[in-house]
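Structure assessment
Listed here are the chains, written in short residue letters.
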Amino acid sequence: VQLQASGGGLVQAGGSLRLSCAASGRTFSMYPMGWFRQAPGKEREIVAAINSNGGDTYYADSVKGRFTISRDNAKNTVDLQMNSLKPEDTAVYYCAAPRGVVGTGLIRNRGAYGYWGQGTLVTVSS
């Protein structure tokens, strides 16, 4: 499985960015997906997750109401729309896919994700 993330950059507080992740290597529509982030000196944490058909989503409390995860199974992509960005959102963002045989429901547990994109840096200035 290959995951290619894009869309990061520098933005002022209050601004917006849209991250996109293109997946290949297996039947994308069968698997849930997730977005994680890792700030300097901190552990990688889940930001959002989505089930295989896009009908169920999860958000970390810190981004709820500001971020939206979505997927296009026809294009094999999963996106993260980030609005009202804050300096504390500054991090490297990773898209991720679960390894092995999993169900179609969304996954919150970082340990279940075995495939990671290369990361894209988001910097929010105050």
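Refer to the preceding data block for the structure.
The rules we used
Residues numbered from 1 in each chain as written. Predicted model: local features only at pLDDT ≥ 70, side-chain atom pairs only at ≥ 80, totals over all residues. Heavy atoms only, no water. Helix = DSSP H or I, 4+ residues; strand = E, 2+ residues; numbered from the N terminus. Rg over C-alpha atoms; globule rule 2.2 N^0.38 Å. Buried < 20%, exposed > 50% of the residue type's maximum accessible area, 1.4 Å probe, protein only. Contact = heavy atoms within 4.5 Å. Areas by Shrake-Rupley, 256 points an atom, 1.4 Å probe, with all protein chains shown as cover. Lys, Arg positive; Asp, Glu negative; His and termini not counted. Charge placed at Lys NZ, Arg CZ, Asp CG, Glu CD. Core = buried A, V, L, I, M, F, W, Y, C linked by side-chain atoms within 4.5 Å. Phe/Tyr/Trp six-rings, centres within 6.5 Å; stacked < 30°, edge-to-face > 60°.

**Digging into the overall build of the protein**
Counting its secondary structure elements, the protein contains zero helices and 11 strands. Its helices and strands taken in sequence order, the protein reads β-β-β-β-β-β-β-β-β-β-β from the N to the C terminus. A globule of 126 residues ought to have a C-alpha radius of gyration of about 14 Å, and the protein, at 13 Å, matches this closely. Dimensions of the protein, computed from C-alpha atoms along their principal axes, come out at roughly 40 × 30 × 25 Å. A buried classification covers 42% of the 126 residues belonging to the protein. If you take every contact in the protein between residues at least 6 apart in sequence, the share linking residues at least 24 apart comes to 60%. Here the protein has roughly 6,200 Å² of accessible surface; of this, 47% comes from carbon and sulfur atoms. Counting 13 positive and 8 negative side-chain charges, the protein places the centres of these two groups 4 Å from one another.

**Examining the environment of Ser 84**
Position of Ser 84 relative to the elements: it lies in the loop between strand E8 (77-82) and strand E9 (91-98). Distance in space between the C-alpha atoms of Ser 84 and Val 47 is 15 Å, their sequence separation being 37 residues.

**Notes on the nonpolar core**
The biggest cluster of nonpolar side chains holds 29 residues, and the ones touching the most others in it are Trp 35, Leu 80, Met 82 and Tyr 93. At the level of secondary structure, the elements contributing two or more residues to this core comprise strand E1 (2-6), strand E3 (17-24), strand E4 (33-38), strand E5 (45-50), strand E7 (67-72), E8, E9 and strand E11 (120-125). Core analysis: the next-biggest nonpolar cluster, separate from the first, contains six residues, Ile 46, Ala 49, Ile 107 and Tyr 113 among them.

**Some words on the packing of aromatic side chains**
Inspection of every chain in the model, using the stated rule, returns four aromatic pairs. Centroid distance Phe 36 to Tyr 113: 5.0 Å. Interplanar angle 75°. Geometry classified as edge-to-face. Of this pair, Phe 36 sits in strand E4 while Tyr 113 is found in strand E10 (residues 113-116), placing the two residues 77 residues apart along the sequence. On the basis of relative accessible area, Phe 36 is assigned to the buried category, the value being 0%.

Purely spatial values, then, with no claim about function.
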